[in-house]
Amino acid sequence: MTMDHARTLPAGPRRSVELDSDEALRLLGSVSFGRIVFTRHALPTIRPVNHVLDNGDIVIRTHEGAALTSRARQTDGQGVVVAYEADAIDPDMHLGWSVMVTGYAHLVTEPGELAHYRALLNPWVNQTMDYAVRIRPDLITGIRLTADGTHRPGT
């Protein structure tokens, strides 16, 4: 294995700046891919998923055999605790942002809502996704990685 010495490293130090919850949700809504974290057999499980942000809630689609579908179905109305993370970080420049959300996930059961999400959110995989899961954020945190303490809107 050889190292690519032609690649230049980004100049200067980076700084992590905390985002407020409104900015964090705005950024999360600007991308369509993230990672959901939930508990399966008492251990943390992470799945990459595509999402849509709808009125402050994160919505993903799942299928009958998905572990998250099963976990969300087993809850007593409160929902299942999950974390959700999305980011946009340039791997070469080391600039960008990362948003983390913690909240409760519920299966969407109302037929009209489910039809709405089926039309709005197309799965990235070639698999039947008959279910939708809505995450209601309780805790929203995020950071922006900036160069030299500067703030670049929209990144």
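Shown above is the structure to which this text applies.
Read on for a plain summary of the structure. (Residues numbered from 1 in each chain as written. Predicted model: local features only at pLDDT ≥ 70, side-chain atom pairs only at ≥ 80, totals over all residues. Heavy atoms only, no water.)

Turning next to the overall build of the protein. If you tally the helices and strands in the protein, you get three helices and eight strands. Taking all 155 residues of the protein together, 36% fall into the buried category. A fraction of 70% describes how many contacts in the protein between residues 6 or more apart in sequence connect residues 24 or more apart. Carbon and sulfur atoms make up 54% of the accessible area of the protein, which amounts to about 9,300 Å² in all. (Helix = DSSP H or I, 4+ residues; strand = E, 2+ residues; numbered from the N terminus. Buried < 20%, exposed > 50% of the residue type's maximum accessible area, 1.4 Å probe, protein only. Contact = heavy atoms within 4.5 Å. Areas by Shrake-Rupley, 256 points an atom, 1.4 Å probe, with all protein chains shown as cover.)

Now for the environment of A67. Examined against the element boundaries, A67 turns out to sit in helix α2 (residues 67-74). Separated by 28 residues in the primary sequence, A67 and T39 have C-alpha atoms spaced 9.3 Å apart. Aside from chain neighbours lying at most four places away, what touches A67 is F38 and R40.

Residues other than glycine seldom take positive phi values, yet A42 does so here, at roughly 65°. Within the element layout of this structure, A42 appears in the loop between β2 (33-40) and β3 (43-50). Its identity is not glycine, yet N55 carries a phi of approximately 50°, on the positive side. Relative to the assigned elements, N55 resides in the loop between β4 (52-54) and β5 (57-62).

Ranked by internal contacts, the top residues of the largest apolar core, which has 25 residues, are I36, L68, V82, Y84 and V99. When contributions to this core are tallied by element, the ones reaching two or more residues are α1 (21-29), β2, β5, α2, β6 (80-89), β7 (96-107) and β8 (131-147). Element by element, the count of residues in this core is highest for β7, at five residues. Beyond its immediate chain neighbours, meaning those up to four positions away, V82 contacts I36, V37, F38, L68, V101, T102, G103, A105 and I135. Core analysis: the next-biggest nonpolar cluster, separate from the first, contains seven residues, V52, V59, V108 and Y117 among them. (Core = buried A, V, L, I, M, F, W, Y, C linked by side-chain atoms within 4.5 Å.)

Note on placement: L114 falls in helix α3 (residues 111-120). Under the relative-accessibility criterion, L114 is labelled buried at 13%. Residues L114 and R61, spaced 53 residues apart in sequence, show a C-alpha to C-alpha distance of 9.5 Å. Dropping the residues within four chain positions of it, L114 is found in contact with V108, D130, Y131 and A132.

Geometric values such as these leave the question of function open.
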